[in-house]
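The chain contents come next:
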Amino acid sequence: MLAKSPAAGLDHLGVGLFTMQSTASAPANPRSLYRRYVEDVQILERHGLHSAWSAEHRGWYDGWCPAPLHVQAYAAAHTTKLRFGTAILLLPQHDPVAFARAAMTLDHVSKGRVEVGVGLGYRDAEFDAFGIRRDERGILMDRALKTIAAVWAGDHGDHQPFQQPAPRIWVGGMSDAAIRRAARHRHGLMLPQTVDTRQVRDAVERYRSLTTSDAPIGVLRDVWIESNPKNASRFLKRLHRHYQEEAGSWWVMGERTGFEVPYELERQLARVNELAAVGSPGLVSDRLNSLFDAGVDLVVARLNFDFVLQADLHDQIANLAEAVAPHLTPRRALPCA
Amino acid sequence: MRLMLEPTCADTDALVEAARTAWAAGLDGVMITSTPALSAPLVAAAYVAGLVPDLLMAVELPLGDRHPIEVLEEAVVVDLAIAGRLVLVTRPVIGAAHMYPEALDLVRTALSPAPFRFDGSYWRVPARLAQNIRGTTEARVTPSPARARLEVWSAGPGFAAGVSRGLGHLADADDDPAELAREWTQHRMRIGPALTGAPRARRALWTDAEQLIVSLRSGRASFGQDWAVVAAPTTAAAEIGMRVRPRLQLNELPAGLEAHWDLYASWHPSPRTADQSQREEQASHVGLKDTLLHPATGEFAHQPTEDEVRAEVCEDSR
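Computed from a predicted structure; not experimentally measured. (Residues numbered from 1 in each chain as written. Chains lettered and ligands numbered in written order. Predicted model: local features only at pLDDT ≥ 70, side-chain atom pairs only at ≥ 80, totals over all residues. Heavy atoms only, no water.)

## What to know about the interface of chain A and chain B
Every contact between the two is made by 48 residues of chain A and, on the other side, 41 residues of chain B. Buried surface at the junction of chain A and chain B, both sides included, amounts to about 3,800 Å², of which 61% is carbon and sulfur. When the buried area of chain A at its contact with chain B is split by residue, His70, Tyr74 and Asp128 of chain A rank highest and sum to 18% of it. There are 2 salt bridges connecting chain A and chain B. A salt bridge links Asp13 of chain B to Lys111 of chain A, with the nearest nitrogen and oxygen atoms 2.9 Å apart. Mapped by element, the contributors of at least two residues to the side of chain A that touches chain B are α2 (30–46), α3 (68–76), α4 (96–109), α5 (124–129) and β10 (256–257) of chain A. (Contact = heavy atoms within 4.5 Å. Buried area = accessible area lost by both parts, 1.4 Å probe. Salt bridge = Lys/Arg side-chain N within 4 Å of Asp/Glu carboxyl O. Helix = DSSP H or I, 4+ residues; strand = E, 2+ residues; numbered from the N terminus.)

Dropping the structure here:
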């Protein structure tokens, strides 16, 4: 397939994840994180990337942002073209009407630049803080999606959203339930960074078999552009350490949590590292193109982690835009909302 | 007295324009509430604050319909994004006012930078549901607000609950000042000095500058009002900033000053915009002689002789 113009690749590249974490190994002044985020999205816009993606968690020692839409609203004031996405908002944990209103208000103030990624969530403590049963998250999600549609249709007295007929919703996850849910509602699908190309292909096929909707399919990918093998290896070690803390504290494996089952934890961490696209621009382009070949419309390149220095992040963004994007071969234009 | 503009417009661009004008007019802040077009006022406020610096952003929200922790998290995130400029004004939900005091207590408990357990009648945090097997026995709201504390007020019917907790309070425009005075005094007697400094705010509906001046002076005299939230069109912001606000900062003003203000206000009816201010900072300063320019003719006012000056100055000592 011929390489398209740089703009084409850029239209299919989002960058994430903005979490506002201040961790034990990579501490940061909280206010500075919010200030840097604005600078980061301005760099993204300058380089013509499609979107900036945030994630949501709550109540953890590292201050992970519990309300991404609200900080995106502030950042929207500093940008005009860049789109703002969430991978993912923990919809079952929220009041659905308030959620719909927050997303719609962001849609209005940003003049239609919001991509609403939603997922089930998995941390028991988060559900418990809100007095919600984690095992009801599926039902709550389905109910919330219906409520959101009703709010956006004006049933609760609000005006219509800016984007017509509605801002795009991306259902996050890789399980068959997630794919069915996305298909049932004709929403987009956002696959996590823990899926390999074969799984992506299967998910795309499954989605397309269930619906005629041409809603887009996205996938998160940990990405780092580094031609020097030593530096690449050092990044992978840091990536490993980052996921070790997160998975060790939170990922549930069988009946136990990460740190309690160190061998299983290590197995999962090794897989995450394998899936990361870390290497030269050529290697990264190839990896991303294999995702596009598998049927993905948008890749959210995760360049940002707690341990990434801002200057390095800006270099990565420039490299992604200049050395990788021109070589990407997405299959089709991203469908409009 | 500190003054905030409550814009009467609904759409994004008009709201930004109102905030910009409020900034240029020297007002302290703007009040953002829910409208059908922008029905999540915290989101709207974050956006407006991104375009307009320095202003306090007061946001009024109901407290008691959704989980107070959800409201608090959003407020804290906005506060961090806008560098500590948020004033969270909370109001009881109509029909669920009985939940308001507990919601306030939960919010204030959760604002403390410490793990907590809250066991109320309406909310239990963490809930410790049996099905959440990997739940914890403590909860925590992170991140923390930008400053040492988040400014939280009560509003309207939330008076008793808010003021008895030492919060600032935003009274409604039609609240009777005499009644407010009685209530503030009662609480002051019960709670004592802990109430000193708690903002005593009231809404006002704009009609004209004279009315507002009278209303605010009366508010100060009756219940010690020291904040005003004025619902006004954007075009009124200049008058609020140039005619009303200066008159409300002190009770005793030198003779002739208010007349002088009125004179100046008629020369420059609209305040400088943000852009103009920046340009003027670079331009040369206004010289002394400009202050003596006659408003009508633009020529120099009468330059007093030495004798006239001496006569004036020595008058009192004769």
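Following the structure, the description resumes.
## A short note on the pattern of salt bridges
Residue and element names in this part refer to chain B. Evaluation of the coordinates by the stated rule reveals 37 salt bridges over all chains. Put simply, Arg203 and Glu6 hold a salt bridge, and the shortest N to O gap is 2.8 Å. A residue pair is termed long-range when its members are at least 10 positions apart, and Arg203 in strand β9 (residues 200–205) and Glu6 in strand β1 (residues 2–7) qualify at 197 residues. Residue Arg203 is classed as buried on the basis of its relative accessible area, which comes to 14%. (Buried < 20%, exposed > 50% of the residue type's maximum accessible area, 1.4 Å probe, protein only.)

## Some points on the sheet that holds strand β3 (residues 56–63) of chain B
All names here are of chain B. One closed barrel holds the 8 strands; their spatial order is β1-β2-β3-β4-β7-β8-β9-β10, and the pairing between them is parallel. Pairwise comparison of adjacent strand axes, ignoring direction, gives a mean angle of 25° for this sheet. Pairing of strand β7 (residues 151–155) with strand β8 (residues 168–171) involves 3 bridges; the strand directions are parallel. What sits directly across from Ser154, in β8, is His169. Those strands touched by helix α4 (residues 100–111) are β3, β4 (86–92) and β7, and its axis lies near 175° from that of β7. Of the strands in this sheet, β1 and β10 (227–232) touch helix α8 (residues 237–247), which is tilted by about 160° from β1. (Pairing = 2+ DSSP bridges. Axes fitted to C-alpha atoms, helices over the stretch in contact; angles between N-to-C directions.)

## Quick look at the confidence of the model for chain B
When pLDDT is averaged along chain B, the result is 90, and 87% of the positions lie at 70 or above. Interface confidence for the predicted complex, given as ipTM, is 0.97, next to a pTM of 0.93. (pLDDT = per-residue confidence, 0-100.)

## Thoughts on α4 of chain A
All names here are of chain A. Taking 1.5 Å per residue, 14 residues should reach 20 Å; α4 reaches 20 Å between its end C-alpha atoms and fits that length. Burial analysis of α4 places 12 of its 14 residues in the buried class, which makes it a mostly covered element. When we look at burial in α4, the residues that qualify are Val97, Ala98, Phe99, Ala100, Ala102, Ala103, Met104, Thr105, Leu106, Asp107, His108 and Val109. Regarding α4, its N-cap is Asp95, as a side-chain oxygen of that residue lies 3.1 Å from the backbone nitrogen of Val97 further along. Downstream of α4 by a residue or two, Lys111 has a phi angle that is positive, lying close to 55°. (Expected span 1.5 Å × (residues − 1). Polar contact = N/O pair within 3.5 Å; in protein donor to acceptor, adjacent residues only side chain to side chain.)

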